[in-house]
Amino acid sequence: MFRKLLHELRTMPKFVYLLVALTAFGLTVGVYRMYAGLGATTNLSKEFPWGIWISFDLATVALSGGAFTLAALVYVFQFEALHPAVRPTVLAGLLGYSSVLVILLFDLGRWDRFYNVFAHPNFSSALLEVSWCIAAYSTILFYELSPVLLEKSRWKWMLNVIKKYTIPIVIVGVTLSTMHQSSLGTMFVIMSPRLHPLWYSMLLPVFFLVSSFAAGISMIIAGATVSYWLFGRSLKRKTLATLSWFLPWILAFYLVLKFGELVIANETGGLLSSGRYSTLFWTELVVGAIIPIILFAYERVRYNRLASMLGAFLVMGGVILNRFDVTWFAMKSVSHQTYTPHWMEVAILVGVVSGLITVYTLVARYFPVYEETIAYKPSPREIIQPEDARLVSV
Amino acid sequence: MTHYITRRSFLKLSAAAAGTLAIGQLLPPMVAQAATDAGLLNAHGDGYIPSMCEMCVWRCGLIAKVKDGRVVKLDGNPDHPHSKGHLCVRGQSGVMNTYDPDRVLDPLIRVGQRGEGKFRIASWDEALDLTANKMLAIKDTYGPEAMVFSSTHNLSQPQFENILYAFGSPNYGTQRSLCFNAMIVANLMTYGMEEPERIYDDQLEYVILTGRNLMEAISTSETSALSDGIARGMKVVYLDPRFTKTAAKATEWLPIKPGTDLAFHLALLNVIVTEDLYNHSFVNDYTVGFEHLAQEIETYTPEWAAPITEISAETIRRIAREFAAAAPHALAHNGWRTSNFINSFHTQRAITILNTLVGNWNVALRASGGESSSALGAPPQPPYPRSSAQRLDGVPSRYPVVPLKLGVFQELRESILSGEPYQAHGWFISRQNPVMSLPDRARTLAAFEKMDFIATVDIIMNDTAWFSDVVLPEASYLERYDPLSPVGDRVFLRQPVIEPQGNAKSALWIYKQLGERLGLGDYFQYEDEEDYIRQQLAPLGVTLEEVRSKGYAELPPADDPGFEWNTPSGKIEIYSETLANVNFPAVPTWQAPPEPPQGQFYLLTGKVAQSTQFGTQNNQLLHKYSDEPRLWINNNIAAERNLADGDWVEVTSEVGQVHIHLQVTPAIRPDCVYLPPGYGHLSKGLTTAFGIGASDSVLHVTYSDPISGSQALSQTFVTVRKA
Amino acid sequence: MAEHSKSPRYGFLIDASLCIDCRSCMVACSVENKVSMDSTRIWIKETGITGNYPDLKRFTAPYHCMHCKDPSCVSACTVSALTRTDDGIVAYNKDICIGCRYCMYACPFEVPNYEWDERFPLVVKCDMCFSRLEEGQQPACAATCPTNAIRFGRYETMLAEAHRLITEHPDKYVQHVYGETENGGTATLYISPVPFEELGFPEAGTTSPAYSNRLVTEGTPMVAGAMLVGLSGTYLTIKHLKEEAAKERQEAEQTKASHTEEDGK
Ligand SMILES: Nc1nc2c(c(=O)[nH]1)N[C@H]1C(S)=C(S)[C@@H](COP(=O)(O)OP(=O)(O)OC[C@H]3O[C@@H](n4cnc5c(=O)[nH]c(N)nc54)[C@H](O)[C@@H]3O)O[C@H]1N2
Ligand SMILES: Nc1nc2c(c(=O)[nH]1)N[C@H]1C(S)=C(S)[C@@H](COP(=O)(O)OP(=O)(O)OC[C@H]3O[C@@H](n4cnc5c(=O)[nH]c(N)nc54)[C@H](O)[C@@H]3O)O[C@H]1N2
Ligand code: SF4
Ligand code: SF4
Ligand code: SF4
Ligand code: SF4
Ligand code: SF4
Ligand SMILES: [Mo]
C-alpha cells in the first residue's frame, strides 16, 4: 500500500507538486482574506467594486461552456460521434464551475450569508439568475459526471438509475446553462453608464451566450489536445474535427451580431477613435474571431491537432479578453479611478486555478475519464515534437 | 472628488460605545437622573438635551441626542441665535471630541523629563495639592507675580480670573493678542465698545470683507447670514491674498497685497470724502474729528493706493462709490483675526471709520453688550488684593491703550525669556495651547524651560500639556456645566448631557478646589456647578430646572443705547484724543509694512473649516473629512522654480524651518505661500494628529503692533526649496 | 412597473451655488448613521479651481444617494436587501445583504459605498435618514448645512422651488434641474451655476438602466420555459427520426435478408 503510494507520488508529473504548492499558498491567503476582510487583501474600491476575481469567473464560465454545448450536441441533437468528448468536458466544466463557486465565496463580502441567495431572492436581478443557475447547473454537472466516479466503485448499481434520467436532466442542464451564460451578459445590461459603448449592448446576453458556445468548443479541442500530450489520452481527430467545424459558423454569427448591433446603435464611430478601447475591442475580435474563422475554414486545420489547438487557444483568448474587458478594462468610472489587483487577489486566484488543474490531473489519472477515448502512451520525444504525434494517432 | 488624507487606525463610534458605557455605569447616573427630572429623557434614559457647542468660541446652541447614557448625535438648536438649527462641521464632530480615545481622563503628574511624555496617573487630591503647593511655594519665594496665568476665551474664565487676581498676579496671557487685539482696540478707540454687532438683515446690500474668511473660519450664524445674503443678491467684496472658499462665493475677489489693506481702506475714505459721498448729518451729529481725517487722507488717492495694494485705482474708486451708494445698507467687516501686520490697528480704525462715514450705525452695526449681562447674579466674593507688580507683557507701560484683559501674550513670553523686569517661575494654563498658538515655537518652549512648574487644564494631551508638570483633565463640554452665556435677550445654559468619563471634572469644580487649596475659598462661594448657576439665575426668578429643559432663560430687555457711545466724547471718535494723548496717530495714517526680500514669500496663515485652532486635529471625524495640510504656492511661481504639486519642500524663516508637501494652486498670490495652521503637533499623546503636517508657529517671527499689541502673523517671510 | 415611477414623497433640493465645501453634512451623516470611519455615505463633488489667476472659480456640491424613482440598485440587488419604500426612499436592509457589490456597479450615479475595512462589511448608502424622518426631523445633512445648500421637504415643493429659482435667476443658474429626469427621475434634485458635467455629475438618459434590466430579466423565465419545451421537442423528434431511420434500415435489411433468403430458397 505504502509502496504503491510512494510509487504514485514518484511517477506523478512534477508540475503537480508545483500546483499543490501554489494551491496551498493561495488557500492560505484565502483564509487570511476571510479573516481580514476585503479592504486589507484586495485593491477593490468604491469605483471598482469588482476585480480580477469576477473577470476570472466570467471567463471560466464561458470556457466551461463546452459542457453544455457538447451535452446539447450529443444528447439533444444526438451527434453520437461526439460522445467520447463528453466525460473530459463535463469534468473540466464541473471543475471550472467549482472554482467559480470557490472564488465567488472569497468575493462575497458577506460569505457567511451566501444562503440568502435562496432565502431572499430578488427575481429582477441578473446576478440572482446567474447564482441560481450556476448552483443548479453545478449539481447537474456533478450528476452527469457521477458515472465516471461510480463505475469503479461499490455503488455501481446506481448507474442504471442515473442513466435512466440522463436525458431530462441534460435538457434541464442545457437550459440552465443557456440561461446563466446569457444572464452573465444580462448583468451588464444595467451598467450602461459604466461600460464603454463598444461593449455595452442590450444584446449582451446573446453575445455572451454565443461566445460561450465558441469558447466551450475551443476548450474541448484545446483540452483534448493538451491531455493528448500530457496523458496520452484524447479524443479522436475526427471527433475534434467535427467539433471545430462548428466554430467558424458560430464566430461568424457572433461577428455579425456584434457589428450589427454597433451599426444599429450608431456606435461605429468609436470603433477606431476610442484609443485604448479600440485596441482592446479589435484585439478581441481579430484574435478571437476573425483569425480563427479563417483557420477553421480549412479542413487541414480542423484535422491537425496542433493547428486546431492554436486556433482554439485564439478563440479562448478572445473570449477571455472579452470577459476581462466587460468586467474591468472597458469599465469607466466618473472619478477616473483605476484598478490593479492586489497580490493577494492574484495569489488566491492562482491557488484556486492550481487546485483546479491538480484535481483535473488526478481525476484524469485515476478515473475512467477518457474511457471511451483512445489510449496512447507518449514518449518524451513526442511530447517535445507534437507534430509527430499525428503519425501514431488513430 | 475631494481627496482626503490617509486614514490612520480609527476608533469606531460603536466601539467607543462599549468602553465608555462601562465607565459611565460605575458612577451614579446623576446626569441622567437630573435630565429625566427635567423631562428631557424618557424612562430608558433616551432623549434630547439642549446645551451649547464649544468646538470653538462661537458657542452655538445644540441639542444632544442621548441614548443609553451616550451622546449619539448633536444638532443645532433652532432657539439659539448662533446656530439657528445648524452646526458647523466642527460642531457636528463634537461627539468625537468627547469620545476621543486620546482623552485625558485622570489627573497626570509628570515623571520623565519635560517633553518626554512620561506621566503617572494621580488622584485629584494629589494633583491639586501638588499644584497648590508649587504655586504657594513660588508665591512665597518670588511673590505672586512670578506665577503666570493664561487661558483662552471660555465660559468659566471669570472663575479662572478669580484664581489669578485673588492669588495676586497681574500676569495674564490670553489668545486675544494673537487673534483680534487690533480689531478690539480699534473699536474701543472709535466706538467705546469691543465689538459692535453686525446686522445681516434683508436689506443689507454691500459687504466688504477684509480677510474675514467666513466660509472657512466659520461662525455658524454669521456664515449662514452671509450665505443667505449672497443668495439673495447682496454684493460681497473680499480682500485676501488667497482665493479662499469665501472668495469663491464673493461677488468680487481682490487678491490684495498682504499688509496693504490699510492703503485700500484709506483710499476708500479718500474717495468718499473727496467725492462727498459721506453721510453729512450722521458725521455732524454723532462723530468727532472728521476734519482731521479729511486732512490726513487727502493724499491717499486710489492712484496712490493702486501700486501699493496692487488693486487698480478704478476698482478702488468704483468700490468706494458702490459702497457709499448702498449706504446705510453697507457694511465694512472688521475681520476677526486681525493680527496680520504691525499696521493692523490702523487698518481696523480705517474700517470702523469707513462704516461711520456712511452712517450705517443701527442699520448694519449696532451696540453690543458683549458676553456679559448685568441682569445675572454671581456668587459673592471679596475684592481682589492690589497687585503692585508690573505686568510682564508691558501693558499698560508699553501698550497704554491695550486693555488689561486683552494683554499682549507674545510679549509676556518675551519677558519670561529675558527675565525682565523680573523672572516668572510658574505657569498655570487652562484651555489654551500656547506652544502652538504663540509665534516662534522654539521660543515658547525655551520659556517653558525657565519654569519651575507648569500646570495645564485640558481635555486631551495637547502640546502644552505634553510639556507640563501636571495635567488636570477637564470634563468635555458635553459632560459639564459652565457659567451661563448671555446672547442678546436670552441667557443660555451649557449643561452635561452625559456623565463625565473617567475622573474628568468641570472647570468650575477644578478652580474651586484649587482656589480653596490656595487659601482663596472666599472667591469660590458656590457648592457645586448647579449652585453657581442658581446664583446666576437668582435675579431672573427662573429655576435651574426650567432652564435645563428649555436650554435658556429670557433676560429683561437691555436699554438701547441708541446713538450714544462709551467714548470720552460720547460720540464716535474719528479722531481719538486717547490715542493722541499717548502719541499715537489719532486718525488712521499710512504705515508701510515690511516686504519680503527678493526670492522670499509672505507666509500666510488662516483657518480651515474642519479644524479649530490647534485643538481639534486629533478629532477622528474631522480628520477623516480634512484635506492633507500642504504648503500652497502659486502655480506660475512653482513652474518658474521647477516645483511640482506634492513635492516635499523645506520652508525656512528667520526663526525656524519645517518640511511639508507642496500644493501647487492658482489660488494664491505669487508673492505668498500659505500653510494651514494647527498641524505639526509635538505631543505624541495625540495619536490621530501626531506626525501630520507642519506647524507654522515654528516659522512665525514675533512682531507686535505697537498700538494694539497684535502679533503680526502675516509678517513672516520664508524661502521655499525642494527638500 | 407602475410602482417604480411613483413620485417620491420627499425630496432634496441641492444648490451648488450655495455649498461652501465645509463638510458639515458629511460629518453629520457619519455621526447620525454611525458610518464606519473608513467609509462615507456622502461626498462633495467639485469643479476644482478653474480659470487663471486672478479670474478663478470654484463650485462644490454634496452628493449622496439620489433616491431614484426607478432605482437600478434595487433592480440589481441579488437578494432583496435594497428596496424602494412607499415614500420613495431607497432603503438598505443590512441583515440580508450578501456583499456581492452588484449594486455598486449597477447604480448609474456610483453611489453605494462599501465598508472595505470591515471583516464583515456592509454597503454604505444614504437612507434619507428615515429614522430621523420618523421622529419629525430633517435628514442630518440637510438639517445642519449652514448655508442651506441642502434643502429637504416634499418632493413637489422641492421641484417647484428648483424651477422657480432657475427661472427667476437665469443669469445665475444653468437652466436644468438635474435629477428631474435623469435615469428616470430622482428624489434628489440639483441646481447649479455651472454645467453639471463640470461638477463631475454623470450624464444620464431619461430612463433608468433598471428598465433595460427588467426587459431582459423579466423575459427570462419565459425563455427558459420555451427552451425546455424546445429542447425536449428536439430530442424527441430527433430520437423519433433516428428510430424511424433505424427501423427503416432494419426493415430494409430484413426485406433485403428475406429477399436474399427468398433468393436463396
Ligand atoms: N473652522 C474654523 N473656524 C473658526 C476658527 C477655527 O479655528 N476654525 N477660529 C475662530 C477664531 S478664534 C477666529 S479669530 C476666527 C478667525 O477668522 P478670520 O478672521 O477669517 O481669520 P483667518 O482664517 O485666520 O484668516 C483669514 C484670512 O486672512 C488672510 N490674510 C492673511 N494676511 C492678510 C492680509 O494682510 N490682508 C488680508 N486682506 N488678508 C490676509 C488669510 O489668507 C486668510 O484667508 O475664526 C473663527 N472660526
Ligand atoms: N500660526 C497661527 N497661530 C495662531 C492662529 C493662526 O491662525 N495661525 N490663530 C490665532 C487665533 S485667532 C487664536 S484665537 C489663537 C488660539 O490659540 P489657543 O487658544 O492657544 O489655541 P486653541 O487651539 O484654541 O487652544 C484650545 C485648547 O483647549 C483645549 N480644549 C478643548 N476643549 C476643552 C475643554 O472643554 N476644556 C479645556 N480645559 N480645554 C479644552 C484644546 O484641546 C486646546 O488645547 O491662536 C492664534 N495663533
Ligand atoms: S461655530 Fe461651529 S464649532 Fe463654533 S460653536 Fe458653532 S457649531 Fe460649534
Ligand atoms: S454642509 Fe452644506 S455647505 Fe457644507 S459642504 Fe455640506 S452642502 Fe456644502
Ligand atoms: S442613486 Fe444609485 S443607489 Fe441611489 S437609488 Fe439610485 S441607483 Fe440606487
Ligand atoms: S452588495 Fe448587498 S445590497 Fe448590494 S447588491 Fe449585493 S446583496 Fe444587494
Ligand atoms: S439623508 Fe441622512 S443618510 Fe442620506 S446623506 Fe444625508 S445624512 Fe446621510
Ligand atoms: Mo481667534
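The rules behind the values
- Residues numbered from 1 in each chain as written.
- Chains lettered and ligands numbered in written order.
- Predicted model: local features only at pLDDT ≥ 70, side-chain atom pairs only at ≥ 80, totals over all residues.
- Heavy atoms only, no water.
- Helix = DSSP H or I, 4+ residues; strand = E, 2+ residues; numbered from the N terminus.
- Rg over C-alpha atoms; globule rule 2.2 N^0.38 Å.
- Buried < 20%, exposed > 50% of the residue type's maximum accessible area, 1.4 Å probe, protein only.
- Contact = heavy atoms within 4.5 Å.
- Areas by Shrake-Rupley, 256 points an atom, 1.4 Å probe, with all protein chains shown as cover.
- Phe/Tyr/Trp six-rings, centres within 6.5 Å; stacked < 30°, edge-to-face > 60°.
- Buried area = accessible area lost by both parts, 1.4 Å probe.
- Salt bridge = Lys/Arg side-chain N within 4 Å of Asp/Glu carboxyl O.
- Polar contact = N/O pair within 3.5 Å; in protein donor to acceptor, adjacent residues only side chain to side chain.
- Domains from an automatic or database assignment.
- Near = heavy atom within 4 Å.
- Nonpolar A, V, L, I, M, F, W, Y, C, P; charged D, E, K, R; others polar.
- Pairing = 2+ DSSP bridges.
- Axes fitted to C-alpha atoms, helices over the stretch in contact; angles between N-to-C directions.
- Core = buried A, V, L, I, M, F, W, Y, C linked by side-chain atoms within 4.5 Å.
- Lys, Arg positive; Asp, Glu negative; His and termini not counted.
- Patch = residues over 30% accessible without salt bridge, like charges linked within 9 Å, V, L, I, M, F, W, Y side chains within 5 Å.

Draft legend 1. Molecular detail of the overall build of chain C. Scanning chain C for helices and strands turns up 9 helices and 11 strands. Scaling as 2.2 N^0.38, a compact globule of 265 residues should have a C-alpha radius of gyration of about 18 Å, whereas chain C reaches 30 Å, well beyond that. Overall size of chain C, expressed as C-alpha extent along the three principal axes, is 115 × 40 × 40 Å. Across the 265 residues of chain C, 58% fall into the buried class. In chain C, once contacts between residues fewer than 6 apart in sequence are set aside, the share between residues at least 24 apart is 59%. With an accessible surface of roughly 10800 Å², chain C has 54% of that area assigned to carbon and sulfur atoms.

Draft legend 2. Region of interest: the packing of aromatic side chains. With the rule as written, the count across this model stands at 68 aromatic pairs over all chains. Plain terms: the ring middles of W50 of chain A and F188 of chain A are 6.3 Å apart, the flat faces sit at 80° to each other, and that makes the pair edge-to-face. Of this pair, W50 of chain A sits in the loop between helix 3 (38-41) and helix 4 (52-63) while F188 of chain A sits in the loop between helix 10 (166-186) and helix 11 (204-230), placing them 138 residues apart in sequence. Each member of the pair, W50 of chain A as well as F188 of chain A, carries the same accessibility label: buried. When the ring of F149 of chain B is compared with that of F167 of chain B, the centres are 5.8 Å apart and the planes differ by 65°; the resulting orientation is edge-to-face. Taken as a pair, F149 of chain B in strand 6 (residues 147-151) and F167 of chain B in helix 6 (residues 157-167) lie far apart in primary sequence, 18 residues in all. F167 of chain B sits in the buried class, given a relative accessible area of 1%. Through successive ring pairs, a cluster of aromatic residues spans F149, F160, Y165, F167, Y172, Y384, F428, Y511 and Y523 of chain B.

Draft legend 3. Looking closely at the interface of chain C and chain A. In this assembly, 57 residues from chain C lie in contact with 65 residues from chain A. When the buried surface of chain C facing chain A is broken down by residue, Y105, E110 and W116 of chain C rank first, second and third, together holding 18% of it. Taken together, chain C and chain A are joined by 2 salt bridges. Put simply, chain C and chain A have 27 residue pairs in polar contact (both at pLDDT 80 or more) between them.

Draft legend 4. Just the domain arrangement of chain B, in detail. All names here are of chain B. Taken domain by domain, chain B holds domain 1 (181-364) and domain 2 (601-722). Centre-to-centre, using C-alpha coordinates, domain 1 lies 27 Å away from domain 2. Contact with domain 1, which involves 25 residues of that partner, is made by 27 residues of domain 2. Across the domain 1 to domain 2 interface the summed buried area is about 2200 Å²; carbon plus sulfur atoms make up 57%. For the domain 1 face of the interface with domain 2, the top three residues by lost area are R242, R337 and I342, together amounting to 30%. At the junction of domain 1 and domain 2, the tally comes to 1 salt bridge. R669 is the salt-bridge partner of E310, the closest N and O atoms lying 2.6 Å from each other.

Draft legend 5. Structural detail: the environment of P170 of chain C. With respect to the helices and strands, the residue P170 of chain C is situated in the loop between helix 7 (155-168) and strand 11 (188-191). Residues P170 of chain C and W43 of chain C, 127 residues apart in the sequence, show an inter-C-alpha distance of 27 Å.

Draft legend 6. Just the environment of A182 of chain B, in detail. Residue and element names in this part refer to chain B. Note that A182 resides in helix 8 (residues 181-191). For A182, a relative accessible area of 0% corresponds to the buried category. A182 sits 49 residues away from N133 along the chain, and the two C-alpha atoms are 38 Å apart. Beyond its immediate chain neighbours, meaning those up to four positions away, A182 contacts T338, S344, F345, Q348, D705, S708 and S710.

Draft legend 7. Quick look at the site of ligand 5. Lining the immediate surroundings of ligand 5 are 13 residues, of which C65, M66, C68, C73 and C107 of chain C lie closest. Each residue belonging to the shell around ligand 5 can be placed in one class, and the counts come to 10 nonpolar, 2 polar and 1 charged.

Draft legend 8. Quick peek at the sheet that holds strand 13 (residues 330-333) of chain B. All names here are of chain B. Across the sheet, which stays open at both edges, the 4 strands sit in the order 11-10-9-13 with parallel pairing between neighbours. Here the strands that pair on one side only, and so sit at the sheet edges, are strand 11 (252-254) and strand 13. Along the sheet, successive strands turn relative to each other by an average axial angle of 10°, direction set aside. The pairing of strand 9 (residues 206-210) with strand 13 spans 4 bridges and is classified as parallel. Residue pairing for strand 13: Y206 is matched across the bridge by A330. Sheet strands in contact with helix 11 (residues 261-274) are strand 9, strand 10 (235-239) and strand 11, and its direction is about 150° off that of strand 9.

Draft legend 9. Structural view of the site of ligand 6. Near ligand 6 there are 13 residues, and of these C77, C97, C100, R101 and C103 of chain C occur at the shortest range. Here the shell around ligand 6 is built from residues that sort into 10 nonpolar, 2 polar and 1 charged.

Draft legend 10. Expanded view of the environment of I162 of chain A. Residues and elements named next belong to chain A. Assignment of secondary structure puts I162 in helix 9 (residues 158-164). Sequence spacing of I162 and P147 is 15 residues, and the spatial spacing of their C-alpha atoms is 7.8 Å. Ignoring sequence-local partners within four residues, the contact set of I162 consists of Y143, S146, P147 and L150.

Draft legend 11. The nonpolar core, seen in detail. If you look at the biggest cluster of nonpolar residues, it comprises 145 residues, and the most contacted ones within it are W50, M187, F188, L195 and W199 of chain A together with Y102 of chain C. In terms of residue count, the dominant contributor to this core is helix 11 of chain A (14 residues). Domain assignment of the residues forming this core places at least three in each of domain 1 (10-217) and domain 2 (220-265) of chain C. F341 and W565 of chain B together with M66 and A142 of chain C belong to the second largest nonpolar core, which has 108 residues in total.

Draft legend 12. Representation of the pattern of salt bridges. Residue and element names in this part refer to chain B. Under the definition given, this model contains 58 salt bridges over all chains. Where D75 meets K73, a salt bridge forms, and the shortest distance between an N and an O atom there is 3.2 Å. A residue is classified by how much of its surface remains accessible, and D75, at 9% relative accessible area, is buried. Linking K118 and E116 is a salt bridge whose minimum nitrogen-to-oxygen distance equals 3.5 Å. Judged by relative accessible area, K118 falls into the partly exposed class, the value being 45%. Within the structure, one salt-bridge network assembled from shared partners comprises E54, R431, E474, R480, D482 and R494.

Draft legend 13. Layout of the interface of chain C and chain B. Listed as interface residues are 45 residues of chain C and, on the opposing side, 52 residues of chain B. It is R23, M37 and Y53 of chain C in chain C that bury the most area against chain B; as a group they hold 21% of the surface buried on that side. At the surface where chain C touches chain B, the tally comes to 4 salt bridges. Here D75 of chain B and R132 of chain C are joined by a salt bridge, their closest N and O atoms 3.0 Å apart. If you tally residues by element for the side of chain C that touches chain B, the top one is helix 2 (residues 24-32) of chain C, at 7 residues. Of the residues that constitute the side of chain C that touches chain B, the class distribution is 22 nonpolar, 10 polar and 13 charged.

Draft legend 14. Inspection of the sheet that holds strand 15 (residues 426-430) of chain B at higher detail. Residue and element names in this part refer to chain B. Strand order in this open sheet of 7 strands is 5-4-17-16-15-6-7, and the pairing throughout is mixed. Either end of the sheet is taken by a strand with one partner, and the two such strands are strand 5 (119-121) and strand 7 (172-173). The pairing of strand 15 with strand 16 (residues 453-458) spans 5 bridges and is parallel. Along strand 16, the bridge assignment pairs G426 with F453.

Draft legend 15. Up close: the side chain of K69 of chain C. Residues and elements named next belong to chain C. Positionally, K69 belongs in the loop between strand 5 (60-63) and helix 3 (72-76). Buried and without a salt bridge, K69 has E156 as its closest oppositely charged side chain, separated by 7.3 Å. Within the structure, the side chain of K69 is placed 3.5 Å from the side chain of Y155, a separation counted as a polar contact.

Draft legend 16. The arrangement of a nonpolar patch on the surface in detail. Residues and elements named next belong to chain A. A cluster of nonpolar side chains, contributed by W155, W157, M158, V161 and Y165, occupies part of the molecular surface with about 540 Å² of accessible area. Mapping M158 onto the fold places it in helix 9. On the accessibility criterion, M158 (31% relative accessible area) is partly exposed.

Draft legend 17. Highlighting the pairing of strand 1 (residues 47-52) of chain B. Residue and element names in this part refer to chain B. Among the 6 residues in strand 1, 5 count as buried, and that is most of the element. Sheet topology places strand 1 next to strand 2 (residues 61-67); 6 bridges connect them, and they run antiparallel. Bridge assignment links I49 to a residue of strand 2, and that residue is A64.

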